[in-house]
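So the chains spell out like this:
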Amino acid sequence: MLRTACAEAASWPDHIRIAVNVSPVQLKCQTLALKIIGALAASGLPASRLEIEITEAVLIRDDEAALAILHQLRTIGVRIALDDFGTGYSSLSYLKRFPFDKIKIDRCFIGDLAEIDGSSAIVQAVVNIAAARNMTTTAEGVETLEQQELLRTLGCTEMQGYLFSAAKPGPEVRKLFGPRPERAAAVA
């Protein structure tokens, strides 16, 4: 799956990244970094355009082994995102100990943003923590313009959800980028 994702993303514009979820089982594999290097090399995708998403459940099982692997991935230039933040056994110590580039705020905090007793204070706190640690934030499950505007006001740096697009297969994603200019051929 990783090889397929990297190959697909290599056909996208150079400023677009691809995010791939990694399971707890995969993160236990001591050769994960080598497998990722192989997928990047086979596809020609720069490591900086690959983002690995992990959930907190991955960290709870064996955080020392996970930490070592995440540092290997960061060394080769892969970005690391903490997915579904706030839904599991959220520990702020994870944000300090692990090399995250991004915190993804779970959709359960987005649906009631506009309500008086909604989650806006929680989202604001996560955005502030992320900003203080030089991480970006992605709000998941954005479905309305009102949510989008509130998230902008709260300082959320990225958003995803049906407001923008439903999930699509690779060929349909490429169409979203429009025509891609041909790369200039090198002359020897």
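Cut-offs applied
- Residues numbered from 1 in each chain as written.
- Predicted model: local features only at pLDDT ≥ 70, side-chain atom pairs only at ≥ 80, totals over all residues.
- Heavy atoms only, no water.
- Helix = DSSP H or I, 4+ residues; strand = E, 2+ residues; numbered from the N terminus.
- Buried < 20%, exposed > 50% of the residue type's maximum accessible area, 1.4 Å probe, protein only.
- Phe/Tyr/Trp six-rings, centres within 6.5 Å; stacked < 30°, edge-to-face > 60°.
- Arc of directions from axis to C-beta.
- Contact = heavy atoms within 4.5 Å.
- Salt bridge = Lys/Arg side-chain N within 4 Å of Asp/Glu carboxyl O.
- Pairing = 2+ DSSP bridges.

A. Expanded view of unusual backbone geometry. The backbone of aspartate 84 shows a phi angle near 55°, a positive value even though the residue is not glycine. Residue placement: aspartate 84 occurs in strand β3 (residues 79-85). One non-glycine residue, asparagine 134, lies in the positive phi region at around 60°. Among the secondary structure elements, asparagine 134 is positioned in the loop between α7 (120-132) and β5 (136-139). Taking relative accessible area as the criterion, asparagine 134 reaches 72% and is therefore assigned exposed.

B. Highlighting the packing of aromatic side chains. According to the stated counting rule, one finds two aromatic pairs in the structure shown. Ring geometry for phenylalanine 98 and phenylalanine 100: centres 5.9 Å apart, planes at 35°, overall tilted. For the pair phenylalanine 98 and phenylalanine 100, one class covers both residues: buried.

C. Here's a closer look at helix α1 (residues 2-10). Those residues of α1 not exposed but buried are Leu2, Ala5, Cys6, Glu8 and Ala9. Down the axis, α1 shows its buried residues gathered within 160° of arc, on one side only. Buried-residue contacts for α1 involve β1 (18-21), α3 (32-43), β2 (50-55) and α9 (170-176).

D. Here's a closer look at the environment of glutamate 56. Topologically, glutamate 56 is positioned in helix α4 (residues 56-61). With 92 residues separating them along the chain, glutamate 56 and glutamine 148 place their C-alpha atoms 26 Å apart.

E. Representation of the pattern of salt bridges within the structure. According to the stated counting rule, one finds ten salt bridges in the structure shown. Put simply, glutamate 143 and arginine 107 hold a salt bridge, and the shortest N to O gap is 3.0 Å. Of the two residues, glutamate 143 sits in the loop between β5 and α8 (145-154) while arginine 107 sits in the loop between β4 (102-105) and α7, which places them 36 residues apart along the sequence. Accessibility expressed as a relative area gives 44% for glutamate 143, which makes it partly exposed. The class of arginine 107 is partly exposed, set by a relative accessible area of 42%.

F. Up close: the pairing of β1. Residues Ile18 and Val20 line the buried face of β1, whereas the alternating positions Ala19 and Asn21 sit on a face that is not buried. With four bridges connecting them, β1 and β2 associate as parallel partners. Counted as the bridge partner of asparagine 21 is glutamate 53 from β2.

G. Fine view of α8. Those residues of α8 not exposed but buried are Gln147, Gln148, Leu151 and Leu154. Projection of α8 onto a plane perpendicular to its axis shows the buried side chains occupying an angular sector of 125°, all on one side. Opposite the packed face of α8, turned more than 90 degrees from it, sit the exposed residues Leu145, Glu146, Arg152 and Thr153. Along its buried surface, α8 packs onto α7, β5 and β6 (158-159). Count one or two residues on from α8 and you reach glycine 155, which has phi positive near 95°.

Just distances and angles here, no functional claims.
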